[in-house]
Amino acid sequence: MAHEGKRIRAAREGIEPLKLYPIDEAIKLVKAKASAKFDETVEVSMNLGVDPRHADQMVRGVCNLPNGSGRTVRVAVFARGAKADDARAAGADIVGAEDLLEIVQSGKIEFDRCIATPDMMPLVGRLGKVLGPRGLMPNPKVGTVTMDVKGAVAGAKGGSVEFRVEKAGIVHAGIGKVSFDEAKLVENIKAFADAVAKAKPAGAKGTYIQRIAVTSTMGPGVKVEPTTVLTV
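As recorded in an unreviewed UniProt entry, the protein chain goes by Large ribosomal subunit protein uL1 and comes from Methylobacterium planeticum. Note on the protein chain: under the UniProt heading Sequence similarities (unreviewed entry), the record states "Belongs to the universal ribosomal protein uL1 family."

This is how it looks when you write it as structure tokens:
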């Protein structure tokens with residue numbers, strides 16, 4: 001524990017806990033403080049002025065990161081016929097219908113994103129208790145229930161990230177890797193913040209985006225001046 005404490009203290013050196021850093025400077029600090037032996041994910045967290053317990057204050061959406069996420073995303077698609085062929089051609093890892101239903105029901109969930117054509121939703125709906133808690137249930141609001149399976153698969157593979165506000169009013173996502181150039185990370189964060197801003201619900205009152213922070217998987221958090229991120 002003493003060793004872990006020293007590592008954390010060393011990582012926090014040079015970061016003022018109450019200061020709001022311009023996004024460019026915050027990213028430089030995050031990259032400099034990432035000391036793990038693997039390529040850490042750069043994460044952004046945003047505190048929103050919403051109460052997700054109310055339906056008109058739910059925030060949910062998807063963002064296509066301009067520079068990708070750096071993650072390898074495994075995609076499953078529920079489709080038949082030509083749409084199933086489209087999904088395979090776009091690089092989907094698993095494609096099926098009743099056979100895929102049985103695989104998921106058996107507890108074998110080896111994918112990170114689930115896409116379905118609208119006609120498959122009565123079948124997929126039977127998996128709500130399995131996919132729902134994992135955040136994998138296809139939803140038209142985030143583009144995972146669609147006839148354009150080719151575009152949806154390409155987006156998922158290319159770095160689109162879904163977001164959904166948590167009970168405490170926080171939304172967060174991985175927006176790249178520490179190995180990314182600073183400019184690309186900044187561009188990804190601004191794109192994500194823009195997507196969250198555009199997803200502002202009708203019931204939100206007062207300041208919508210209240211606080212923003214960035215961190216790496218194993219690194220300390222750095223608070224960000226919101227006006228250096230928001231473009232709207």
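Structure shown, so let's carry the discussion forward.
A word on the pattern of salt bridges. Applying the stated criterion across every chain yields a total of nine salt bridges. Residue R80 pairs with E98 through a salt bridge whose shortest N-O separation is 2.4 Å. Of the two residues, R80 sits in the loop between β3 (75–78) and α3 (81–89) while E98 sits in helix α4 (residues 98–105), which places them 18 residues apart along the sequence. Using a relative accessible area of 38% as the deciding quantity, one classes E98 as partly exposed. Residues joined by salt bridges that share partners form a network here, namely R71, R74 and D112.

Pairing is parallel in the open sheet, where three strands are placed in the order β4-β3-β5. Looking along the sheet, the strands with just one partner apiece sit at the ends: β4 (94–96) and β5 (113–116). Going across the sheet, the axis of each strand differs from the next one's by a mean of 15°, ignoring polarity. Relative to β4, β3 runs parallel, the two being bridged by three bridges. Residue pairing in the sheet places A76 in a bridge with I94 of β4. Packing against the sheet, α4 makes contact with β3 and β4, and its axis sits at approximately 130° to β3. Helix α7 (residues 149–158) contacts β3 and β5 of the sheet and is inclined by roughly 165° relative to β3.

We note that the domain assignment places domain 1 (17–69 + 159–228) and domain 2 (75–158) within the protein chain. The interface is formed by nine residues belonging to domain 1 together with 10 residues belonging to domain 2. Summed over both partners, the interface of domain 1 with domain 2 buries about 710 Å², with 37% contributed by carbon and sulfur atoms. Counting across the domain 1 and domain 2 interface gives one salt bridge. Between R113 and E162 there is a salt bridge whose closest N-O contact spans 3.4 Å. Inspection of the domain 1/domain 2 interface yields five residue pairs in polar contact (both at pLDDT 80 or more). Sorting the residues of the side of domain 1 that touches domain 2 by element identifies β2 (60–64) and β6 (160–164) as the ones contributing at least two each. Among the elements that make up the side of domain 1 that touches domain 2, the one with the highest residue count is β2 (four residues). Taken together, the residues of the side of domain 1 that touches domain 2 break down into two nonpolar, five polar and two charged.

With that settled, consider the sheet that holds strand β9 (residues 222–224). With antiparallel pairing, four strands are arranged side by side in an open sheet as β7-β1-β8-β9. For this open sheet the edge positions go to β7 (170–177) and β9, each flanked by a neighbour on one side alone. The mean inter-strand angle of the sheet, taken between neighbouring strand axes irrespective of direction, is 25°. The strands that helix α8 (residues 182–198) touches are β1 (41–48), β7 and β8 (209–216); relative to β7, the one it contacts most, it runs at about 155°.

Bringing the side chain of T41 into the picture now. Along the chain, T41 turns up in strand β1. A residue is classified by how much of its surface remains accessible, and T41, at 16% relative accessible area, is buried. Apart from residues no more than four positions distant in its own chain, T41 is found in contact with G174, G176, K177, T215, S216 and T217.

Rules behind the numbers
- Residues numbered from 1 in each chain as written.
- Predicted model: local features only at pLDDT ≥ 70, side-chain atom pairs only at ≥ 80, totals over all residues.
- Heavy atoms only, no water.
- UniProt positions renumbered as here; feature names shortened; annotations may be inferred.
- Salt bridge = Lys/Arg side-chain N within 4 Å of Asp/Glu carboxyl O.
- Helix = DSSP H or I, 4+ residues; strand = E, 2+ residues; numbered from the N terminus.
- Buried < 20%, exposed > 50% of the residue type's maximum accessible area, 1.4 Å probe, protein only.
- Pairing = 2+ DSSP bridges.
- Axes fitted to C-alpha atoms, helices over the stretch in contact; angles between N-to-C directions.
- Contact = heavy atoms within 4.5 Å.
- Domains from an automatic or database assignment.
- Buried area = accessible area lost by both parts, 1.4 Å probe.
- Polar contact = N/O pair within 3.5 Å; in protein donor to acceptor, adjacent residues only side chain to side chain.
- Nonpolar A, V, L, I, M, F, W, Y, C, P; charged D, E, K, R; others polar.

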